[in-house]
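Listed here are the chains, written in short residue letters.
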Amino acid sequence: MIDLVITIGCSGAGKSTWVNKNKSAKDIVVSPDQERRLLGSVNDQSFSKQAFENCYKKLSEIKDGKVFFDATSLRIKALNDIVKIIPNANITLVTFEDSRNADLCLGRIKKDITNKVDRSNTPDYVVKTMSDRYSEFVDSKEFVFDIRRNDKIHILSIIKQVTKTYYSINLCFYNCWK
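Residues numbered from 1 in each chain as written. Predicted model: local features only at pLDDT ≥ 70, side-chain atom pairs only at ≥ 80, totals over all residues. Heavy atoms only, no water.

J.: So what exactly am I meant to see when it comes to the overall build of the chain here?
T.: What the chain contains, in helices and strands, is seven helices and six strands. Element order for the chain, N to C, with α for helix and β for strand: β-α-β-α-α-β-α-β-α-α-α-β-β. For the chain, buried positions account for 44% of its 178 residues. When contacts within the chain are restricted to residue pairs at least 6 apart in sequence, long-range pairs at least 24 apart make up 72% of them. Of the accessible surface of the chain, which amounts to about 9700 Å², a share of 52% is contributed by carbon and sulfur atoms. (Helix = DSSP H or I, 4+ residues; strand = E, 2+ residues; numbered from the N terminus. Buried < 20%, exposed > 50% of the residue type's maximum accessible area, 1.4 Å probe, protein only. Contact = heavy atoms within 4.5 Å. Areas by Shrake-Rupley, 256 points an atom, 1.4 Å probe, with all protein chains shown as cover.)

If you want it as structure tokens, here you go:
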């Protein structure tokens, strides 16, 4: 059985940091940023299409274990594509509420770049667009409806960073359709 954790949030919201703190040595991390690094540069968005194709291929080859899909995942179609690739997985969606604050996310990105952290240097306008998209996406009836409709997705968590402490709130969707 595959336990799939999908992150949802904009660049700088803390997705990769959270994944790295919550994965074990035996867990698998699949990430478009990792794939862009392998293709040449984490910052080269021209590699994005190939990076996602590589991620989907890797996901399709996994047969067992815990997998973290570390990406923005800000579109219903993207989530549905992942569910189709691993149809029998237990899926946890983890949304990062710091995504609602574009300035906070931009500050984290700039701090990481200044400190020479190997991360995507996402342009300001993209982060602002992602932040707006995050709020529209997570607050939308389409998001809630599709999640409730899909019986493979059984937990929706909201993660919010407060200084360096993370906490999780399981919403009313928790196991309500199992």
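J.: Before we go on, may I ask you to explain the packing of aromatic side chains in this structure?
T.: Aromatic rings considered in pairs are described by the distance between their centres and by the relative angle of their planes. On inspection of all chains with the given rule, the structure shows four aromatic pairs. A ring pair is formed by Trp18 and Phe96, whose centres lie 5.9 Å apart and whose planes are at 75°; its orientation type is edge-to-face. With Trp18 in helix H1 (residues 15-22) and Phe96 in strand E4 (residues 90-96), this residue pair connects regions lying 78 residues apart in the sequence. In this structure, Trp18 and Phe96 share a single accessibility class: buried. Grouped by ring-pair contacts, the aromatic residues Trp18, Phe68 and Phe96 constitute a single cluster. (Phe/Tyr/Trp six-rings, centres within 6.5 Å; stacked < 30°, edge-to-face > 60°.)

J.: I keep staring at the environment of Gln45 and nothing clicks. Help me out?
T.: Structurally, the position occupied by Gln45 is in the loop between helix H2 (32-39) and helix H3 (48-61). Contact partners of Gln45, with chain neighbours within four places excluded, come to Arg36 and Ser120.

J.: How should the packing of H2 against H3 be read in this particular structure?
T.: Between two packed helices, the angle of one axis relative to the other and the distance separating the axes together describe the packing. It is at 8 Å that the axes of H2 and H3 come closest, and there the two elements cross at 115°. For H2 against H3, the interelement crossing comes out right-handed. In this structure, H2 uses Pro32, Glu35, Arg36, Leu38 and Leu39 to contact H3, whose residues at the interface are Ser48, Gln50, Ala51, Phe52, Asn54, Cys55 and Lys58. (Axes fitted to C-alpha atoms, helices over the stretch in contact; angles between N-to-C directions. Left-handed = near helix turned anticlockwise from the far one by under 90°.)

J.: Just to check I follow, could you spell out helix H6 (residues 124-139) for this structure?
T.: One turn of an α-helix holds 3.6 residues; hence residues three or four places apart share an orientation. Relative to the 22 Å expected for 16 residues at 1.5 Å per residue, H6 spans 23 Å between its end C-alpha atoms, a close match to the ideal helical length. Within the sequence span of H6, burial applies to Val127, Met130, Ser131, Tyr134, Phe137 and Val138. Down the axis of H6, the smallest arc covering the buried residues is 140°, so these residues share one side. In this structure, H6 carries Tyr125, Glu136 and Asp139 as exposed residues pointing more than 90 degrees from its buried face. (Expected span 1.5 Å × (residues − 1). Arc of directions from axis to C-beta.)

J.: I would appreciate a short explanation of the pairing of strand E3 (residues 65-69) in the present structure.
T.: In regular strands, side chains alternate between the two faces of the sheet. One ladder, built from five bridges, connects strand E1 (residues 2-8) with E3; its direction is parallel. Bridged to Leu4 within E3 is Val67. Two strands pair when backbone bridges link them, and strand E2 (residues 28-30) and E3 are joined in this way by three bridges, in the parallel orientation. Bridged to Val29 within E3 is Phe68. (Pairing = 2+ DSSP bridges.)

J.: How should I be thinking about H2 in this particular structure?
T.: Considered for burial, the residues of H2 that qualify are Pro32, Glu35 and Arg36. Seen end-on, H2 carries its buried residues on one side only, within an arc spanning 100°. In this structure Ser31 caps H2, since a side-chain oxygen of it lies 3.2 Å from the backbone nitrogen of Asp33. At the exit of H2 stands Gly40, carrying a positive phi of roughly 150°. (Polar contact = N/O pair within 3.5 Å; in protein donor to acceptor, adjacent residues only side chain to side chain.)

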